[in-house]
Every structure is written in structure tokens, then in C-alpha cells.
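The residues making up each chain are set out below.
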Amino acid sequence: MLIDARPPTAEVYTRHHNRPTVTSPTANGSYNRAMPYRILFITAEYAPLAKTGGLADVSTALTRYLYRGGHDVRVFMPYYRQVAAAGLALWPVEFLQDLEMTVGEHRYRYRVLTGAAPGADLQLYFIDCPELYDRPGIYGETADEARRFLLLTRAALECAQRMAFAPHILHCNDWHAAFGPLLLKTSYAWDQLFAATRSVLTIHNVAYQGVFGAEHADELGLDDASWLLHQQDLAEGRVNSLLHGILYADLVTTVSPGYAREICTPEYGAGLDSFLRARGERVVGILNGVDYEEWDPSTDRYLPVRFSPDDLTGKTAVRRALSARVGIAIPDGVALIGMISRLVGQKGIDLIIPVLPEFLRRGDCALVVLGTGEARYEDFFAGLALEFPGQVAFHRGYSEELAHWIEAGADMFLMPSQYEPCGLNQMYSLRYGTAPIVRRTGGLADSVVHYSRDDGTGTGVVFDHYEVASLRWALDYAIRLYREPAQWARLVANAMRQDYSWTQQGACYLEQYARLVGPS
Ligand code: ADP
Ligand code: GLC
């Protein structure tokens, strides 16, 4: 495939055991063998450097998959204060220093740092603009929030120009980079470097849209092309970042087939369903994968004891260690339920509030929760821990290590989300033999199969309706099953056998890239 007017090298790659090997062009100089894709990947999060949720895990694992497949993937993200604190070996890109960008009335200076991603050779590019990114958190609620990510998007495109990097694919994630496709078709369209570039927007959560006031519309720098902005929104005083990605990306993907269907309905589309429906087959759902290098109980570097499906004694040992660590004392035979979550409405905590205390009061289960988020939910779990000492533990905060311990040490993982674009923890839970209890929505429905006592099939407990009674039924079903060791062992064995690796899921992204620019 040759779609690039100015290939930066004369090398052509072919695939051999999924690794790139270099071959020469044919005598007439044309390419008759496959070559890798060049991908410009823009993201607000990248694990473990800057993470608030699954976007970070997916950015890391997907780009690593692409890199290992021989593709030239360049990741652009902000140089947040956390990144600076992480102590990664970075160096300035010589020709990307002292850069300037005018965004509306604002003028910013930035430079670019680069370094290898932790644990991979993949090159990360950090936009170092202290005025916008040297702040306590990754996200904020300041008036310049949209501008922070607009600068990221524009800087990524301008760095590609300066690097003479002609991407086949501009891959934008979430609202933060959603103006990439429109900018490519307007402000940067003059540059032949991008003549063959096709854009992909991946929606990790349609509810976060990056809406800002119409008085800032000039910051997009669209000038004569401003008519391409959604005019009714403008007239009503707002600009919606995600909407413009949906309108102008050559392909819109989201993170599970179920969620792809759901967001085309008014119930789940958060006001954007009609625009998504209008894109028809250009909206595709690809289930996230799991990075089993990070999340596998037989190799997990955080665990005090490792285990595998063939020998679960280690799981019992981690359960004991976890209980001691968080101060839970429960008799054998009582189920330990785990939760790791951003504590926000999406995650179904409103269903948990009226139901879980009933089970705790009866002594049917114990609970360990790790999370931060809305005060009302933090207060609820803090209150439970006080009411049920030795039975409920709540760790308010963020801890990678404790997250691994909970995945490994709990018997069940509770994730009754109101909606869930994909969800990763339920898939991690499967691998750790920790039965997920989930609602049948989005990626949860696509990754967990309800266990049937009759024929011993299924990997977790799945309930349909977002109702208190349904969650009560699901918890009851799970706890009864847990008390039947043969059934439970079957469920755990089924769960641990599931494979949601990126080898499969990443290939789906390559298929979609091929749809846009031809095969690699
Ligand atoms: P979302 O992206 O909506 O938060 P996901 O299930 O896709 O949900 O991903 C959440 C990711 O963030 C998982 O890797 C999970 O382990 C991690 N996570 C969430 N909260 C915490 C926390 N308090 N401490 C450690 N990891 C967390
Ligand atoms: C979002 C979604 C979550 C998904 C993650 C990664 O944060 O809420 O369901 O797994 O993105 O795609």
C-alpha cells in the first residue's frame, strides 16, 4: 500500500511472525509488499503515567500492540505534573523547542519532550506547556479546560508537520482530541503531508463531551471554515467538542459492540444519538482488550502470592492477606465482594446503597472498596465501614497495588453500572477467578455470560434491569452459588479461561484502519 505522497523512508516492511522485517522496493521503485501504518495517536491519559480510568489502560495497551505489530505509532499527550513527577527518562526533541501557538486571544509557548513508554520501546511525545498542564490534577474545572486539549490536538498535528511524519491514521480519543478530524479537513488541509491521512475518533464515554461557550469558538482557528461548526449549538451559545468528532471523523469507534448500539438510542446517546445514527456503518464497536502482561494472577508483580487456574491455593492466600491488610475478619464460607471504581453515577452505586446493607446485616458477605469520586458516594462507603467494622473496608483514594490485591483476593467483583462503554475490571476479574456481578449493558454484556446452574456454563452473574430488586436478585443468586462449592468452582474455572487479549481486539482496529486506507 502506498498512500503517502512523501514517505519518510524508502524502506518497506513485510510481516514475519508478526514482526517487521525490512525488504527493498521493487526495481521500478514501487511497493508491492505491505508496509506498516503510521499512526498519530492523541490521548489525555496513558498508564501508568497519567491515569484516572480505563482510557489510560487502553491507550497504553492498544499502542503497544500496534507498535509490536511493526507499526509506527507516535503517542501525543500533555506533560502533566504527574508525568514530570514519574521520573521517566525524557529528552527534548531538538527541533521542537521554543514553539508558539496562538489560541484565540491566548498565546502559549511549549516544547516537546520524548521518551520510551515504561516497559516498551514505543516513543511517547509530551507537550510541555506549563501554563496549561503543570497543575495538580489531570483534569480540572477551570475555564480553559477545553483549550488545554485543543492545544494538545493542534500541537500534535503541528509536531507531525515539523517531524515530516505523514500519518496514515490520525487516531483521536474522546472529546479531548475530537477536533482533530475537523482540523485535519480545514486548518491543516493545505499540507500535502496529510493528504492521505484518515481520521478515527474513539469514544470511550459519550457522556463526557467537552462543551464550552460559543464565545471561545474562535480558539479553534477555523476562520472561513467556521460554518462547519454545528450552527444551532453556536446560536444557542455553545460548542460541543465530541459532536464535531462524530460529524467529521472518517470512522467513529467505541469500546464495545453493545455500547455502539446503545449510543445510537436516546436512552444512552447523551443527546448525540441522532448524529451517531446518521453516521450509520461508520460507527463501529470494538471491545477493549486486557493487557495480560499487567493483569494476570500467574505473573502479577504486585501480589504477595501468585496463582493460576490449575492451583488456586494462592488465591486463598491473597484473600487472607487482603483481609488482614484492610482489616476485614470474616469466617470461611462468607463471600468477599470487591469494588474498584471511580465513584460516579455511571457505576450504579445508587442501586447498591439500598441493597448492600441488607446482605451485610445478615452476615452474607463482606466488602472491600477502593475508589474516589463524588462526595455522596464516598460518604456512603465511609459510613458502611463505620457501621460494619471488620466486615466492610473502604479505601478512599487511588492505589494500583491495592487494585491488584482486590482483583486477586476477592471472591466476587461488583459492577452494576447504569451504563458501561466497556469496563475493564470485570474482564480483569474473570482472569483472577473473581466472579463479576454486572448489569447487562455495554461492554459488561459483551464480556460476562450469566452462569447457569443447569448446564454449568457462564462466567458471572448478570442482571437486566437497572432496578434495586434486580441487583438484590443478582447478589442473592451469587451468594447462593458461592455456597455450593462444585458450582462455584465451575464458574471460576469458566471465568479464568476467557481470553480478551489485545491480540484479538487490536486486530479489529487494524481491520478498521485497513477499511480507511487499505491493508497494511
Ligand atoms: P472507567 O474508565 O469508566 O473508570 P474501566 O473499568 O474501564 O472504567 O477502567 C477503570 C480502570 O481504572 C481500571 O484499570 C481500574 O482498576 C482503575 N481504577 C479505578 N479506580 C481506581 C482506584 N481508586 N485505584 C486504582 N485503580 C483504579
Ligand atoms: C471509559 C468507560 C469505560 C471504558 C474505558 C476505556 O472510561 O467508562 O467503560 O472501559 O473508557 O475504554
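## What to know about the pairing of strand 8 (residues 123-128)
When a strand is regular, its side chains alternate between the sheet's two faces. Most of strand 8 sits out of view: five of its six residues are buried. One ladder, built from four bridges, connects strand 4 (residues 72-78) with strand 8; its direction is parallel. Residue pairing in the sheet places Phe 76 in a bridge with Tyr 125 of strand 8. Note: strand 7 (residues 106-116) against strand 8, six bridges, orientation antiparallel. Among the inter-strand pairings, Thr 114 is bridged to a residue of strand 8, identified as Tyr 125. Between the end of strand 7 and the start of strand 8, which pair antiparallel, lie six residues, with Gly 119 showing a positive phi angle near 75 degrees.

## Digging into the site of ligand 2
Close to ligand 2 lie 13 residues; His 204, Asn 288, Glu 420, Cys 422 and Gly 423 are nearest. Here Asn 288 contributes a side-chain N or O atom positioned 2.9 Å from an oxygen atom of ligand 2. The contact in question runs from an oxygen atom of ligand 2 to an N or O atom on the backbone of Gly 423, over 2.8 Å. Protein chains shield 93% of the accessible area of ligand 2, which is 310 Å² for the free molecule.

## Points about helix 4 (residues 145-162)
For helix 4, spanning 18 residues, the distance from its first C-alpha to its last is 26 Å, which sits close to the expected 26 Å at 1.5 Å a residue. Helix 4 sits mainly inside the fold: 16 of its 18 residues count as buried.

## Re the environment of Met 101
Of note, Met 101 is situated in strand 6 (residues 99-103). For the pair Met 101 and Phe 126, spaced 25 residues apart in the sequence, the C-alpha separation amounts to 16 Å. The residues touching Met 101, leaving out its near neighbours within four places in the chain, are His 106, Arg 107, Tyr 108, Tyr 110, Leu 151, Arg 154, Ala 155 and Glu 158.

## Some remarks on the nonpolar core
By size, the foremost hydrophobic cluster in this structure holds 180 residues, and its most contacted members are Ile 127, Leu 276 and Phe 381. Per-element tally for this core: the top contributor is helix 4, with ten residues. Counting residues domain by domain, this core receives three or more from each of domain 1 (2-289 + 503-517) and domain 2 (313-499). Residues within four places of Ile 127 in sequence aside, it is in contact with Phe 76, Met 77, Pro 78, Tyr 79, Tyr 110, Arg 111, Val 112, Tyr 133, Leu 151, Leu 152, Ala 155 and Cys 159.

## Brief notes about the packing of aromatic side chains
Going through the model one piece at a time under the given rule, you end up with 16 aromatic pairs. Summarising the aromatic geometry, the rings of Trp 295 and Tyr 432 are spaced 6.4 Å apart at their centres and angled 75 degrees between planes, so their arrangement reads as edge-to-face. Of this pair, Trp 295 sits in the loop between strand 14 (283-285) and helix 10 (313-326) while Tyr 432 sits in the loop between helix 14 (425-431) and strand 19 (435-439), and the two are 137 residues apart along the sequence. Above the plane of the ring of Trp 405 lies Arg 325, whose end atom (NZ or CZ) is 4.4 Å from the centre. Cation over ring: Arg 431 sits above Tyr 292, and NZ or CZ is 3.8 Å from the ring centre.

## Topic: the site of ligand 1
Taken together, 21 residues form the shell around ligand 1, and within it Gly 54, Arg 342, Lys 347, Gly 397 and Leu 424 come nearest. One of the side-chain N or O atoms of Asp 57 is found 3.1 Å from an oxygen atom in ligand 1. Contact between ligand 1 and Gly 397: a nitrogen atom at 2.8 Å from a main-chain N or O atom of the residue. Computed on the free molecule, ligand 1 has an accessible area of 560 Å², of which 93% lies beneath the protein chains in the complex. The cavity that encloses ligand 1 is the largest pocket. Residue assignment for the shell around ligand 1 shows that the elements contributing at least two residues are helix 1 (54-68), strand 15 (335-343), strand 16 (365-373) and helix 14. Examining the composition of the shell around ligand 1, we find that three residues originate from one element, strand 15, more than from any other.

## A few points about the environment of Leu 475
Here Leu 475 is to be found in helix 16 (residues 468-482). Between the alpha carbons of Leu 475 and Val 438 there is a distance of 9.9 Å; along the sequence they are 37 residues apart. Sequence-distant contacts of Leu 475, that is, excluding residues within four places in its chain, are made with Ile 337, Val 355, Leu 356, Phe 359, Leu 414 and Ile 437.

## What about the domain arrangement of the chain?
Many analyses report the size of an interface as the accessible area lost when the parts associate. Domain annotation of the chain identifies domain 1 (2-289 + 503-517) and domain 2 (313-499). Tallying the contact residues gives 21 residues for domain 1 and 18 residues for domain 2. Between domain 1 and domain 2 lies a buried interface of about 1400 Å² when both sides are counted; carbon and sulfur atoms form 51% of it. Looking at the side of domain 1 facing domain 2, the largest losses of area belong to Lys 51, Tyr 268 and Leu 287, adding up to 26% of the total buried there. Between the two partners, domain 1 and domain 2, sit one salt bridge. Here Lys 51 and Glu 400 are joined by a salt bridge, their closest N and O atoms 3.9 Å apart. Here domain 1 is connected to domain 2 by eleven residue pairs in polar contact (both at pLDDT 80 or more). Mapped onto the side of domain 1 that touches domain 2, the elements with two or more residues apiece are helix 1 and helix 8 (257-262). The biggest single contributor to the side of domain 1 that touches domain 2 is helix 8, with five residues. Of the residues belonging to the side of domain 1 that touches domain 2, the class tally is eight nonpolar, nine polar and four charged.

## Quick word on the side chain of His 171
You can see His 171 is positioned in strand 9 (residues 169-173). Of the polar contacts made by the side chain of His 171, one reaches the side chain of Tyr 513; its length is 2.7 Å. Not counting residues up to four positions away in its chain, the partners in contact with His 171 are Ile 39, Leu 40, Phe 41, Ile 42, Leu 62, Val 200, Thr 202, Tyr 509 and Tyr 513.

## Some points on the sheet that holds strand 17 (residues 392-396)
Strand order in the open sheet formed by six strands is 17-16-15-18-19-20, with parallel pairing between adjacent strands. Two strands lie at the open edges of the sheet, namely strand 17 and strand 20 (461-463), each paired on one side alone. Taking the axes of each pair of neighbouring strands and ignoring which way they run, one obtains an average angle of 15 degrees across the sheet. Relative to strand 17, strand 16 runs parallel, the two sharing five bridges.

## Overview of the pairing of strand 15
Counting buried positions along strand 15 gives eight out of nine residues, so the element sits mostly inside the fold. Looking at chain direction, strand 15 and strand 16 are connected through nine bridges and run parallel. Following the sheet pairing, Met 339 is matched in strand 16 by Val 369.

Definitions and limits used
- Residues numbered from 1 in each chain as written.
- Chains lettered and ligands numbered in written order.
- Predicted model: local features only at pLDDT ≥ 70, side-chain atom pairs only at ≥ 80, totals over all residues.
- Heavy atoms only, no water.
- Buried < 20%, exposed > 50% of the residue type's maximum accessible area, 1.4 Å probe, protein only.
- Helix = DSSP H or I, 4+ residues; strand = E, 2+ residues; numbered from the N terminus.
- Pairing = 2+ DSSP bridges.
- Near = heavy atom within 4 Å.
- Polar contact = N/O pair within 3.5 Å; in protein donor to acceptor, adjacent residues only side chain to side chain.
- Areas by Shrake-Rupley, 256 points an atom, 1.4 Å probe, with all protein chains shown as cover.
- Expected span 1.5 Å × (residues − 1).
- Contact = heavy atoms within 4.5 Å.
- Core = buried A, V, L, I, M, F, W, Y, C linked by side-chain atoms within 4.5 Å.
- Domains from an automatic or database assignment.
- Phe/Tyr/Trp six-rings, centres within 6.5 Å; stacked < 30°, edge-to-face > 60°.
- Lys NZ or Arg CZ within 6 Å of the ring centre and 35° of its normal.
- 1 Å grid on protein atoms, 1.4 Å probe; cavity = no way out; pocket = protein on both sides within 12 Å on 5 of 7 lines; lining within 4 Å.
- Sits in = over half its atoms within 2 Å of the grid points.
- Buried area = accessible area lost by both parts, 1.4 Å probe.
- Salt bridge = Lys/Arg side-chain N within 4 Å of Asp/Glu carboxyl O.
- Nonpolar A, V, L, I, M, F, W, Y, C, P; charged D, E, K, R; others polar.
- Axes fitted to C-alpha atoms, helices over the stretch in contact; angles between N-to-C directions.

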